[in-house]
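Reading the structure
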Amino acid sequence: MTAQVYVNQIVKKVKCSRRRRQEIRRQLLADIYAEAEQGTPIDVVMLRMGEPIAVAEEFNQDLPKHERVKYKRAFAAKVAAGIAVSLIAVVLVLLWFLPMGLQFGSSGQFQEAAVEEQAKKIVHMLNADDYEAFMACTDESAQKILTKEVIEDAKRQAGTNWGEFQEFGKCYMGEQKLRGRSRAVVQINASYENIVVTYTLFFNPDLKLSGLYIK
């Protein structure tokens, strides 16, 4: 799914004026591309942001009353003019052309429970600074990049005083196609005494870690 399609799915569910939707579209795209310029894959950025309907609902909850009124008036005018039919057609076209590669389970190579268990296992290894066990769960290409020094630097950038691990938050999963190969993408929040850290982990079909982001 491209950033444009993802943002359009959000914006079309935000109940506000056309001008406000255009502002939201510009801001969301700017935020996505800003993270992409820093090296984070766009697919990962979208995964972190959440499902389009959930993001749209957050915007709807924060909208002032006058924006909701404008939306209702505009929607009524569109229905009266027959534009609603055209909008439905556009939505159907978008859904038809949406890529399916990011839907978890689409490749048939990953089991949700196993992937979640492996993700939490990796985080516990990092909490314990058990880099020997961590490397044993990492594929060869990632071992060259995810060194102890690199991981410790990523931890410092996330925060200097995490405190003890408390609990995991909800686990979100998707899939990616990379050079013709499928990999699972997992995003999970971990609560510590002084900070909440977001881990994004990538696994190959053997559940070997092939990528990691700490934020």
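All of these numbers come straight from a predicted model, not from anything done at the bench.

**Quick word on helix H3 (residues 42-49)**
Where H3 is concerned, the buried positions are Val44, Val45, Met46 and Arg48. Looking at the residues trailing H3, positive phi occurs at Gly50, about 110°.

**A short note on the pairing of strand E3 (residues 196-203)**
Within a regular strand, side chains alternate between the sheet's two faces. Of all eight residues making up E3, seven are buried, and the element is well covered by its neighbours. Relative to E3, strand E2 (residues 181-192) runs antiparallel, the two sharing eight bridges. The residue of E3 that forms the bridge with Ala184 is Phe203. What sits between the antiparallel neighbours E2 and E3 is a turn of three residues. Here five bridges tie E3 to strand E4 (residues 209-214), and the two strands are oriented antiparallel to one another. Across the sheet, the residue bridging to Tyr199 is Ile214, located in E4. Following E3, the chain reverses through five residues before pairing antiparallel with E4; Leu207 in that reversal takes a positive phi of roughly 60°.

Cut-offs and rules
Residues numbered from 1 in each chain as written. Predicted model: local features only at pLDDT ≥ 70, side-chain atom pairs only at ≥ 80, totals over all residues. Heavy atoms only, no water. Buried < 20%, exposed > 50% of the residue type's maximum accessible area, 1.4 Å probe, protein only. Helix = DSSP H or I, 4+ residues; strand = E, 2+ residues; numbered from the N terminus. Pairing = 2+ DSSP bridges.

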